[in-house]
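In case you want the letters, here they are:
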Amino acid sequence: VVAVDHVQKSFGEVKVLRDISLAVNPGEVVAIIGPSGGGKSTLLRCMTLLERVDAGDLTYGDLTCAKDGTYGDKVLLAQARQRFGLVFQNYNLFPHFSVLRNVMDAPVCVQKRDRTEVEEHARALLAKMGLTGNEDKVPCQLSGGQQQRASIARALAMNPQVMFFDEPTSALDPELTAEVLKVIKGLAAENMTMVIVTHEMSFARDVADRIVFMDGGVIVEQGPAEQVIDHPREERTRAFLAQRG
Ligand code: ATP
Ligand code: MG
């Protein structure tokens with residue numbers, strides 16, 4: 001579904017991504033782990049077209065957006081952007097919109113879908129995220145965990161083919177973390193294709209079909225949790241896991 005091929009990215013002199021190739025298959029859940037500064041967020045930002053790659057190809061299904069790092073067509077980019085949803089650490093809801101309007105905004109304004117249909121969909125998604133009764137509140141009236149679940153509903157409202165998460169729980173208290181992880185696990189159970197950067201090892205182990213360990217701008221090792229977490233082959237992976245306890 002989504003692939004990056006030989007992607008490179010530098011900030012000034014600093015090479016942050018060094019020849020990264022990663023293909024995510026339909027229905028697959030990929031967890032990206034690794035030490036701070038290893039390039040996880042940069043990779044996610046490149047994959048979601050928030051950051052330009054210097055070299056390499058980006059493919060979304062039948063759309064190739066960046067061939068050798070050149071982004072040709074704006075129409076193509078806009079099409080590709082509609083194929084994925086994005087959830088960050090800091091929920092980024094529109095503060096002055098109601099929760100319902102936050103979820104409805106892009107489907108109505110960007111996708112030009114029928115308002116009645118979108119509202120029904122949005123209410124159903126909010127219910128699925130355990131937020132029934134909160135539709136008319138503004139984000140600051142919700143807990144962090146509720147806000148994060150609202151932003152997941154907002155991303156899902158676009159009917160994405162892939163969901164990207166960058167440390168979706170790192171700003172949350174443990175009990176709020178659990179409720180967010182639960183809804184992500186629910187999406188995995190429905191075969192949603194997902195790429196999740198996380199430092200929650202037990203969650204990564206539970207939810208991911210594949211664990212990707214990144215360090216120093218490269219994929220050091222990848223495979224099922226039983227391999228990468230339980231029996232890492234690479235010294236760098238072992239060191240990272242040992243230090244995390
Ligand atoms: P963390 O676990 O702390 O979130 P990360 O693996 O997500 O780390 P990145 O945020 O991708 O790491 O950062 C990788 C490197 O790129 C770091 O050295 C960082 O300082 C640098 N970097 C990231 N974004 C920029 C930017 N916009 N300008 C300059 N340098 C950047
Ligand atoms: Mg990061």
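Report follows, based on the coordinates. Source: prediction; values computed, not measured. (Residues numbered from 1 in each chain as written. Chains lettered and ligands numbered in written order. Predicted model: local features only at pLDDT ≥ 70, side-chain atom pairs only at ≥ 80, totals over all residues. Heavy atoms only, no water.)

### Looking at the layout of surface pockets
Roughly 550 Å³ of internal volume is contained in the largest pocket. What lines the largest pocket is a set of 21 residues, among which Phe84, Gly85, Leu86, Ala106 and Met158 lie closest to the centre. For the lining of the largest pocket, the elements supplying multiple residues, two or more each, are α2 (74-81), β7 (84-87), α3 (99-109) and α5 (144-156). Counting residues per element, the lining of the largest pocket draws most heavily on β7, which supplies four residues. Along the lines of polarity and charge, the residues of the lining of the largest pocket split into 12 nonpolar, six polar and three charged. (1 Å grid on protein atoms, 1.4 Å probe; cavity = no way out; pocket = protein on both sides within 12 Å on 5 of 7 lines; lining within 4 Å. Points joined across faces, edges and corners; volume = space filled by probe spheres on them. Helix = DSSP H or I, 4+ residues; strand = E, 2+ residues; numbered from the N terminus. Nonpolar A, V, L, I, M, F, W, Y, C, P; charged D, E, K, R; others polar.)

### Regarding the nonpolar core
Core analysis: the biggest nonpolar cluster contains 50 residues, and Ile152, Met163, Phe165, Ile184, Met194 and Ile211 have the highest contact counts within it. Top element by residues in this core is helix α6 (residues 174-189). It accounts for seven residues. Ile152 has contacts with Val87, Met129, Met163, Phe165, Val180, Val183, Ile184 and Leu187, leaving out every residue within four places of it along the chain. Membership of the second largest hydrophobic core comes to 30 residues, among which are Leu22, Val30, Leu44 and Leu77. (Core = buried A, V, L, I, M, F, W, Y, C linked by side-chain atoms within 4.5 Å. Buried < 20%, exposed > 50% of the residue type's maximum accessible area, 1.4 Å probe, protein only. Contact = heavy atoms within 4.5 Å.)

### Points about helix α9 (residues 235-244)
For α9, the set of buried residues is Thr237, Phe240 and Leu241. Within α9, the buried residues cover an arc of 90 degrees as seen down the axis, which keeps them to one side. Every exposed residue of α9 that faces more than 90 degrees away from the buried side is listed here: Glu235, Ala242 and Gln243. Residues of α9 that are buried make contact with β3 (29-33), α7 (201-207), β10 (210-215), β11 (218-223) and α8 (225-228). (Arc of directions from axis to C-beta.)

### Description of the pattern of salt bridges
Going through the model one piece at a time under the given rule, you end up with 12 salt bridges. Linking Arg45 and Glu51 is a salt bridge whose minimum nitrogen-to-oxygen distance equals 3.2 Å. Close ionic contact of Arg113 with Glu117 constitutes a salt bridge, the shortest N to O distance being 3.3 Å. On the basis of relative accessibility, which here comes to 36%, the residue Glu117 falls in the partly exposed class. (Salt bridge = Lys/Arg side-chain N within 4 Å of Asp/Glu carboxyl O.)

### Observations concerning the environment of Met192
Mapped onto the fold, Met192 is located in the loop between α6 and β9 (193-197). Between the C-alpha atom of Met192 and that of Leu125, which follows or precedes it by 67 residues, the distance is 14 Å. With residues near it in sequence (within four places) discarded, Met192 still touches Gly27, Glu28, Val29, Leu156, Pro160, Gln161, Met163 and Leu187.

### Looking at the packing of α5 against α6
Here α5 crosses α6 at 20 degrees, and the two axes come no closer than 8 Å. With respect to each other, α5 and α6 are oriented roughly parallel. Judged by the sense of rotation from one axis to the other, the crossing of α5 with α6 is right-handed. Contact with α5, carried on its side by Gly144, Gly145, Gln146, Gln148, Arg149, Ile152 and Leu156, involves Leu176, Glu179, Val180, Val183, Ile184 and Leu187 of α6 and no other residues of that element. Grouping the amino acids of the contact of α5 with α6 by side-chain chemistry returns seven nonpolar, four polar and two charged. (Axes fitted to C-alpha atoms, helices over the stretch in contact; angles between N-to-C directions. Parallel < 35°, antiparallel > 145°, perpendicular 65-115°, else oblique. Left-handed = near helix turned anticlockwise from the far one by under 90°.)

### Some points on empty space enclosed by the protein
With the rule as written, the count across this model stands at one cavity of 30 Å³ or more. Of the pockets and cavities examined, the largest cavity occupies roughly 30 Å³. Contributing to the lining of the largest cavity are Val1, Val2, Tyr60, Gly61, Arg83, Phe84, Gln161 and Val162. For the lining of the largest cavity, the residue count by class is five nonpolar, two polar and one charged.

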